[in-house]
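Chain by chain, the residues:
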Amino acid sequence: MNDYLLLTPGPLSTSDTVKKAMLKDWCTWDDEYNQGVVQAIRAKLVALATAHPGYTSVLMQGSGTASVESALGSLIKSSDKLLVINNGAYGERIGEIATYLNINTHIINYTETQLPNVTDIEAVLLNDSDITHIAMVHCETTTGMLNPAEAVGQLAKTYNKVFVLDAMSSFGGIPFDLADWHVDVMISSANKCIQGVPGFGFVICKQHIIAQSEGVSRSLSLDLFAQWHCMEKNNGKWRFTSPTHVVRAFYQALVELEEEGGITERYKRYKENQHILVAGMKKLGFSPLLNTSVHSPIITSFLSPTGQGYDFKTFYNTLKNQGFVIYPGKVSDADCFRIGNIGHVFAADMHRLIDAVASNLYWQDTV
Ligand SMILES: *Cc1c(COP(=O)(O)O)cnc(C)c1O
């Protein structure tokens, strides 16, 4: 069906069965859809996120960013103050959203290759008692860095702050329990590690937090409380037209995650994919941008070759013709490209990719 494999962290390669699940048209007020698909998804998401009670989930139309904007704009009051921890494009986007929404914000800025430091964060919390919420990205997809979410969650608990985690590119691919990590609000989307197709995002949060957020939202269509309330009261009904085909495909993707053995098994597969990728690329002379210790198994940034004849576009096009689509770099202070390890992608695909790269080192002749 596909003429190339997407090695990009969302949209990503999905299974044929996920794609086939989109072939039926659904009625948005029928129980078969609302109870059978939407409510089932909401329950499955909460079960994937935590073994503890007190959490609920809500789905929201749009790309992942819409869900981040919906959560920030609907759960943070104008009298609150948000601490944003930023070490990449997605952390920066949280700050940007807060600016658009006129949320009072304190931002700790790191470079993209720096790991956020708990001591810095604690110092800010001790200095600024107005802060009510902390927001951070879990896997910073800019580089592939895995941020210290558990440690920041512990700080949030100690200082009694609401912890908002953008786990867009990690949820479903890396095991963690929201309650154990003291995450109050988590955001992710359909087209990342759950391996669905793009079209909506979701928020999993403490039920009491969303239940107390009526009237806070700065936006009509992104009102997370209203969406949650409608789903709760009307058995899974979305407020406005839902992306039915995408939702049904997502249900199928959740079933396939269960069949694979859940998040732990998927995590193993992603780690193996990355291991093969990094070992193979190193053999071919490439260097990963980050140290292994801070690396997620989600996406890997490699420094661009220094050979004079190298340019990303040619490298990209040759690999694409060989059946692999990779990602340009997004790091501002280093010349990189990125290769995703997630999606319906397996060890054999990674070995084939390495063979393709090996046949493609044209710039070495020009060094
Ligand atoms: C993908 C992603 C998002 C959302 O991006 P969209 O393009 O809006 O889907 C947000 N945060 C992180 C960390 C991501 O990886």
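Residues numbered from 1 in each chain as written. Predicted model: local features only at pLDDT ≥ 70, side-chain atom pairs only at ≥ 80, totals over all residues. Heavy atoms only, no water.

The three strands lie next to each other as β11-β14-β13, forming an open sheet whose pairing is antiparallel. Only two strands of the sheet have a single neighbouring strand rather than two, namely β11 (299–303) and β13 (327–328). Across five bridges, the pairing between β11 and strand β14 (residues 336–340) is antiparallel. Bridge pairing in β14 links F302 to F337. (Pairing = 2+ DSSP bridges. Helix = DSSP H or I, 4+ residues; strand = E, 2+ residues; numbered from the N terminus.)

Okay, the site of the ligand next. Around the ligand sit S63, G64, T65, Y90, R93, V137, C139, T141, D166, M168, S169 and K192, and those are all the residues in its vicinity. With respect to the ligand, the backbone of G64 contributes an N or O atom lying 3.0 Å from an oxygen atom. A distance of 2.5 Å is found between an oxygen atom of the ligand and a side-chain nitrogen or oxygen belonging to T65. For the ligand, the accessible surface in isolation is 380 Å², of which the surrounding protein chains cover 86%. Split by residue class, the shell around the ligand holds four nonpolar, five polar and three charged. (Near = heavy atom within 4 Å. Polar contact = N/O pair within 3.5 Å; in protein donor to acceptor, adjacent residues only side chain to side chain. Areas by Shrake-Rupley, 256 points an atom, 1.4 Å probe, with all protein chains shown as cover. Nonpolar A, V, L, I, M, F, W, Y, C, P; charged D, E, K, R; others polar.)

Time to look at the side chain of S15. Mapped onto the fold, S15 is located in the loop between β1 (5–6) and α1 (16–20). A relative accessible area of 5% places S15 in the buried class. At 3.1 Å, the side chain of S15 forms a polar contact with the side chain of T17. The residues contacting S15, other than those within four sequence positions of it, are E256 and H344. (Buried < 20%, exposed > 50% of the residue type's maximum accessible area, 1.4 Å probe, protein only. Contact = heavy atoms within 4.5 Å.)

Within this structure's numbering, the places UniProt gives as "domain: Aminotransferase class V" (unreviewed entry) are residues 38–316. In residues 38–316, helix accounts for 41% and strand for 18%; the two terminal C-alpha atoms are 38 Å from one another. (UniProt positions renumbered as here; feature names shortened; annotations may be inferred.)

A word on helix α9 (residues 244–260). Relative to the 24 Å expected for 17 residues at 1.5 Å per residue, α9 spans 24 Å between its end C-alpha atoms, a close match to the ideal helical length. Within α9, twelve of the 17 residues are buried, which leaves it mostly tucked inside the rest of the structure. Structurally, α9 contributes buried residues whose contacts are with α1, α2 (31–49), β10 (200–206) and α10 (262–283). Just downstream of α9 lies G261, where phi reads positive at about 115 degrees. (Expected span 1.5 Å × (residues − 1).)

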